[in-house]
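# Observations on chain architecture
Below, each chain spelled out in residue letters.
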There are 2 protein chains.
Amino acid sequence: MKKASLSDIALRLGVSKTLVSFVLNGKAKEYRISEDICQRVMDVAKELNYSPNRIAQGLRTGNTKTIGLIIADIANPFFGKLGREIEQEAARHGYNIIFCSSDENPEKSAQQIAMLQQSQVDGFIISPPINSEEQIRTLAKGPIPFVLIDRFIPEIDCNHIVVDNFDAAYTATKHLLSLGRRQIANITLNLDLANMKDRTDGYKQALRDASIEVDENLVKVLPFSHENKDVALAINELLGNRDDLKADAILFSTSKIGIMAIECISSLGLKIPDDIAVVSFDNTDAYKICVSPVTVIGQPLKEIGKTAMDILLNEIKQPGVKVKTQKVTLKTEFIVRKSCGA
Amino acid sequence: MKKASLSDIALRLGVSKTLVSFVLNGKAKEYRISEDICQRVMDVAKELNYSPNRIAQGLRTGNTKTIGLIIADIANPFFGKLGREIEQEAARHGYNIIFCSSDENPEKSAQQIAMLQQSQVDGFIISPPINSEEQIRTLAKGPIPFVLIDRFIPEIDCNHIVVDNFDAAYTATKHLLSLGRRQIANITLNLDLANMKDRTDGYKQALRDASIEVDENLVKVLPFSHENKDVALAINELLGNRDDLKADAILFSTSKIGIMAIECISSLGLKIPDDIAVVSFDNTDAYKICVSPVTVIGQPLKEIGKTAMDILLNEIKQPGVKVKTQKVTLKTEFIVRKSCGA
DNA sequence: TATTTTTGCTAAATCGATTTAGTAAAAAAT
DNA sequence: ATTTTTTACTAAATCGATTTAGCAAAAATA
């Protein structure tokens with residue numbers, strides 16, 4: 001059962017492939033094809049169950065209607081949800097998404113970018129791993145549109161969509177202060193990334209504004225490729241001695257850290273929020289059924305996904321046109337649950 | 001900066017495109033290209049930073065090195081992890097994955113299948129929504145390899161990879177019985193799907209083998225498109241009256257149900273496992289930091305991902321050859337945590 | 001020396017679709 | 001009656017790569 005091609009329709013009707021193409025692509029009026037022929041083309045196309053070959057279309061037109069999405073790990077619920085929003089928005093416009101998980105590894109993301117370029121993707125949506133400046137800079141010099149999400153690279157002028165991390169962390173920390181917490185810790189990732197730095201800066205500024213001196217020993221910086229043991233180490237440094245808890249609250253800079261940390265806190269026999277209050281960036285189902293439902297800073301994932309697609313589509317539809325880069329900063333949502341001791 | 005094509009290399013060296021293609025595709029020996037020319041081709045290719053256009057390759061060869069993956073929802077951690085394993089295994093073989101979330105909607109999955117066929121995917125990996133028999137049957141008649149995962153359709157002879165759901169549910173229920181639980185409920189999805197039916201059958205058989213009569217009122221069947229309110233209704237029917245709890249344990253047939261149910265149980269002020277023990281299909285990070293870490297039936301996601309790709313690659317490498325369909329049933333892992341009252 | 005085989009390449013076709021460049025015939029304008 | 005414009009299509013080129021079909025010249029064999 002060979003799949004019907006456009007040529008089969010033309011042969012069947014004794015007309016040119018050109019004519020069939022014009023009809024099927026809504027150009028009949030423009031090229032003055034008669035109504036009669038149009039109808040016969042549509043009929044035969046339907047009879048043969050014709051559907052276009054997007055690979056052939058892509059080769060000829062230079063548009064594959066495919067976007068490459070590079071995120072840290074699709075299995076991470078934060079990125080899973082983000083990916084879902086992007087997938088949905090893309091589908092609304094007839095675009096496919098190829099998902100690549102970089103594991104926060106720049107070598108891996110560079111390979112993925114190369115592979116996606118070979119696949120002639122129309123654009124990229126990238127959550128850049130640390131130390132990926134060079135490959136993003138190269139991308140920015142090329143013709144393919146792209147937009148950074150979740151984090152950006154200050155020294156590169158390109159599209160990005162981020163949230164106001166400073167303000168979010170400031171708000172969260174101030175909230176903990178308002179609940180009487182004074183020894184507030186922050187567990188975060190390598191501060192070379194702007195979004196992580198902003199989160200920690202906001203936390204510190206809230207402490208300073210409350211005339212509390214920032215204790216650098218309460219700021220635990222994990223390597224980017226952090227695992228359970230890294231988080232456990234940080235928690236043990238803060239809370240290992242239950243007669244001398246170093247902190248009475250913790251702000252987690254990511255939900256991945258938060259989940260691992262809470263598991264660790266529970267196994268230490270500590271109670272949330274009685275012994276230690278917690279607040280975390282990014283909402284996730286896990287936080288709702290937690291030992292103590294977690295107070296979170298939620299990101300507008302739907303808006304991020306929609307905005308990313310809008311930016312790309314706008315550039316894709318005007319190839320070669322130099323468009324002003326869009327830098328979008330969105331608001332977070334502070335959701336108070338039990339874990340902060342409210 | 002126009003991207004270098006294979007023709008550019010040929011022009012630069014004054015040789016044919018054919019020769020360049022042979023060299024770059026490892027066919028130099030076969031077509032007796034001299035060592036000297038080979039080296040010069042490789043040098044120029046490197047100098048021009050040539051990389052192949054996979055769209056052109058796909059059009060000519062009929063292989064796009066792309067697999068279409070259709071699952072319920074990439075934002076669901078179970079499917080997120082499964083997708084991750086598949087993505088990883090595919091990348092190992094140089095394949096891209098296009099992810100589509102069907103939302104358990106057969107109309108949507110039919111559209112996704114059509115779109116992916118237009119994109120000339122080399123194969124499909126599909127977690128079929130309910131009522132998608134017709135589209136799977138049509139796929140089975142076509143030339144493109146595919147494999148069903150997570151659930152299968154008994155009346156269609158095609159590749160599938162599933163776990164032994166009957167045995168898993170039987171074991172879990174027996175475990176609860178061994179802990180003294182007698183009024184064991186099961187919250188599941190529409191039983192028209194074989195995997196859901198097997199889970200409930202295993203649960204029932206364990207009760208019968210313990211000489212406990214199956215109480216159909218303890219089996220709550222949710223619609224496929226279940227939401228929080230559906231789960232809340234079921235939980236309220238079972239546990240709404242805390243002086244007359246209808247169940248002392250619940251087996252959740254999916255983690256999605258489990259998470260929503262636990263949230264509901266907590267808001268009723270009930271304690272897990274003191275008031276109500278719980279066991280759930282499918283491990284997820286959320287269950288580790290739960291009010292009471294959840295006892296789970298874990299699926300071998302890595303093995304599923306690898307097996308799915310193996311099955312597809314085996315068929316892809318011998319097009320047109322009628323291969324015996326592979327029906328794989330894998331073992332689950334029972335992980336005991338606190339929620340069952342152990 | 002004549003014939004056959006091997007060597008080391010080449011041009012052209014192919015994939016399926018879209019775009020470009022064109023034109024015979026009919027209709028309208030002069 | 002002649003010239004110009006419009007109509008309703010067409011053939012061929014194009015996209016970038018791979019495959020198919022082929023062949024002149026050199027080397028080997030008879």
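Each value, and the rule that gives it
Residues numbered from 1 in each chain as written. Chains lettered and ligands numbered in written order. Predicted model: local features only at pLDDT ≥ 70, side-chain atom pairs only at ≥ 80, totals over all residues. Heavy atoms only, no water. Helix = DSSP H or I, 4+ residues; strand = E, 2+ residues; numbered from the N terminus. Buried < 20%, exposed > 50% of the residue type's maximum accessible area, 1.4 Å probe, protein only. Contact = heavy atoms within 4.5 Å. Areas by Shrake-Rupley, 256 points an atom, 1.4 Å probe, with all protein chains shown as cover. Near = heavy atom within 4 Å. Polar contact = N/O pair within 3.5 Å; in protein donor to acceptor, adjacent residues only side chain to side chain. Salt bridge = Lys/Arg side-chain N within 4 Å of Asp/Glu carboxyl O. Least-squares fit on C-alpha atoms with pLDDT ≥ 70 in both. Pairing = 2+ DSSP bridges. Axes fitted to C-alpha atoms, helices over the stretch in contact; angles between N-to-C directions. Parallel < 35°, antiparallel > 145°, perpendicular 65-115°, else oblique. Nonpolar A, V, L, I, M, F, W, Y, C, P; charged D, E, K, R; others polar. Core = buried A, V, L, I, M, F, W, Y, C linked by side-chain atoms within 4.5 Å. Buried area = accessible area lost by both parts, 1.4 Å probe. Domains from an automatic or database assignment. Disulfide = S-S within 2.5 Å.

## Some remarks on the overall build of chain A
Scanning chain A from terminus to terminus reveals 13 helices and 12 strands. Projected onto its principal axes, the C-alpha positions of chain A cover 90 × 40 × 30 Å. In chain A, which comprises 342 residues, the proportion classed as buried is 55%. Within chain A, residue pairs in contact and separated by at least 24 positions form 68% of the contacts whose partners lie at least 6 positions apart. Summing over all exposed atoms, chain A offers an accessible surface of approximately 15400 Å²; the carbon and sulfur share of this is 49%.

## Some thoughts on the protein's contact with DNA strand D
As a matter of local geometry, DNA strand D sits amid 29 residues, with A:Ser16, A:Thr18, A:Arg60, B:Leu6 and B:Lys27 nearest to it. Restricting the count to atoms of DNA strand D within 4 Å of the protein gives a sugar and phosphate share of 58%. Within the side chain of B:Tyr50, a nitrogen or oxygen atom sits 3.0 Å from a phosphate oxygen of DNA strand D. B:Gln57 is positioned such that a nitrogen or oxygen atom in its side chain is 3.1 Å from a phosphate oxygen of DNA strand D.

## Describing the pattern of salt bridges
Taken as a whole and assessed by the stated rule, the structure comprises 40 salt bridges over all chains. Here A:Lys302 ties to A:Glu85 by a salt bridge, and the two come within 3.5 Å at their closest N and O atoms. In this pair, A:Lys302 is assigned in helix 13 (residues 301–316) and A:Glu85 in helix 5 (residues 77–92), connecting sequence segments 217 residues apart. Ionic pairing is found between A:Asp275 and A:Arg242, a salt bridge with its closest N-O pair at 3.7 Å. Taken together, the residues span a long stretch of sequence, with A:Asp275 in the loop between helix 11 (255–267) and strand 9 (277–281) and A:Arg242 in the loop between helix 10 (228–239) and strand 8 (249–252) at a distance of 33 residues. Among the ionic contacts, a cluster of salt bridges with common partners joins A:Asp73, A:Asp103, A:Lys108 and B:Arg84.

## Here's the deal with the relation of the copies chain A and chain B
Mapping between the two copies of the chain is achieved by a rotation about an axis and a shift along the axis. If you rotate chain A by 180 degrees and push it 0.0 Å along the axis, it lands on chain B with an RMSD of 0.1 Å. Seen this way, the second copy is the image of the first under a two-fold rotation axis. Comparing interface residues between copies, 100% of those in chain A also lie at the interface in chain B; the contact surface is shared.

## A word on the pairing of strand 5 (residues 160–163) of chain A
All names here are of chain A. Residue alternation in strand 5 divides its side chains into two sets, His160 and Val162 and Ile161 and Val163, and both sets are buried. The pairing of strand 4 (residues 146–149) with strand 5 spans 2 bridges and is classified as parallel. The partner of Ile149 across the bridge, within strand 5, is Ile161. Direction of pairing for strand 5 relative to strand 11 (residues 327–330): parallel, over a ladder of 4 bridges. Along strand 11, the bridge assignment pairs Val162 with Thr329.

## Quick look at the packing of helix 2 (residues 17–24) of chain B against helix 3 (residues 35–47) of chain B
Residues and elements named next belong to chain B. Packing of helix 2 against helix 3 leaves a shortest axis separation of 10 Å and a crossing angle of 85 degrees. Relative to helix 3, helix 2 is oriented roughly perpendicular. For the pair helix 2 and helix 3, contact is made by Leu19, Val20, Val23 and Leu24 and by Ile37, Cys38, Val41, Met42 and Ala45, respectively. For the contact of helix 2 with helix 3, the residue count by class is 9 nonpolar, no polar and no charged.

## A look at the nonpolar core
Within the largest apolar cluster, 105 residues are counted, with the highest numbers of intra-cluster contacts made by A:Ile250, A:Ile265, B:Ile250 and B:Ile265. When near neighbours in sequence (up to four residues on either side) are disregarded, B:Ile265 contacts B:Ile235, B:Leu239, B:Ile250, B:Phe252, B:Leu270, B:Ile272, B:Ile276 and B:Val278. Residues A:Ile71, A:Tyr95, A:Val163 and B:Leu82 belong to the second largest nonpolar core, which totals 56 residues.

## Here's the deal with the protein's contact with DNA strand C
Taken together, 29 residues lie around DNA strand C, and A:Leu6, A:Lys27, B:Ser16, B:Thr18 and B:Arg60 are the ones closest in. Take the atoms of DNA strand C that sit within 4 Å of the protein: sugar and phosphate atoms are 57% of them. The separation between a base nitrogen of DNA strand C and a polar side-chain atom of B:Arg32 is 2.7 Å. B:Arg60 has a polar side-chain atom sitting 2.5 Å from a base oxygen of DNA strand C. Within the surface near DNA strand C, the residues separate by chemical class into 11 nonpolar, 12 polar and 6 charged.

## Focus: the interface of chain A and chain B
Of the residues lining the interface, 44 residues belong to chain A; the matching set on chain B comes to 44 residues. Summed over both partners, the interface of chain A with chain B comes to about 3800 Å²; 62% of that surface belongs to carbon and sulfur atoms. The largest contributions to the chain A side of the interface with chain B come from A:Ile55, A:Arg84 and A:Ile289, which together make up 19% of the buried area. At the junction of chain A with chain B, the criterion picks out 4 salt bridges.

## Some words on unusual backbone geometry
Residues and elements named next belong to chain A. Geometrically, the link from Ile272 to Pro273 is a cis peptide bond, its omega value of 0 degrees lying close to zero. Locating Pro273 in the fold gives a position in the loop between helix 11 and strand 9. Its identity is not glycine, yet Asn49 carries a phi of approximately 55 degrees, on the positive side. Positionally, Asn49 belongs in the loop between helix 3 (35–47) and helix 4 (54–61).

## What about the domain arrangement of chain A?
Interface size, as often reported, equals the accessible area lost upon joining of the parts. All names here are of chain A. We note that the domain assignment places domain 1 (6–52), domain 2 (64–162 + 301–330) and domain 3 (165–299 + 334–340) within chain A. Between domain 2 and domain 3, roughly 1200 Å² of surface is buried when both sides are summed, and carbon and sulfur atoms account for 61% of that area. Interface area lost by domain 2 to domain 3 is led by Phe78, Ile130 and Arg151, which between them contribute 39%. Our count for the contact surface shared by domain 2 and domain 3 stands at 1 salt bridge. For Lys81, the salt bridge is made with Asp285, and the minimal N-O distance between the two is 3.9 Å. For the interface between domain 2 and domain 3, the tally reads 2 residue pairs in polar contact (both at pLDDT 80 or more). Those elements that place two or more of their residues in the side of domain 2 that touches domain 3 are helix 5 and helix 13. For the side of domain 2 that touches domain 3, the element with the highest residue contribution is helix 5, accounting for 3 residues. Here the residues of the side of domain 2 that touches domain 3 are counted per class, giving 8 nonpolar, 1 polar and 4 charged.

## Comments concerning the sheet that holds strand 12 (residues 333–335) of chain B
All names here are of chain B. Taken together, 6 strands build an open sheet; the order of strands is 7-6-8-9-10-12 and the sheet is mixed. Strands at the two margins of the open sheet, each flanked by one partner only, are strand 7 (219–222) and strand 12. Ignoring strand direction, the axes of neighbouring strands in this sheet form an average angle of 15 degrees. For strand 10 (residues 295–298) and strand 12, the ladder comprises 3 bridges, and the chain directions are antiparallel. Counterpart to Gly298 in the pairing with strand 12 is Glu333.

## Examining the state of the cysteines
The full count for this structure, using the stated rule, is 0 disulfides over all chains. Here A:Cys100 stays unpaired: no disulfide links it, and the sulfur of B:Cys100, its closest cysteine neighbor, is 15 Å away.

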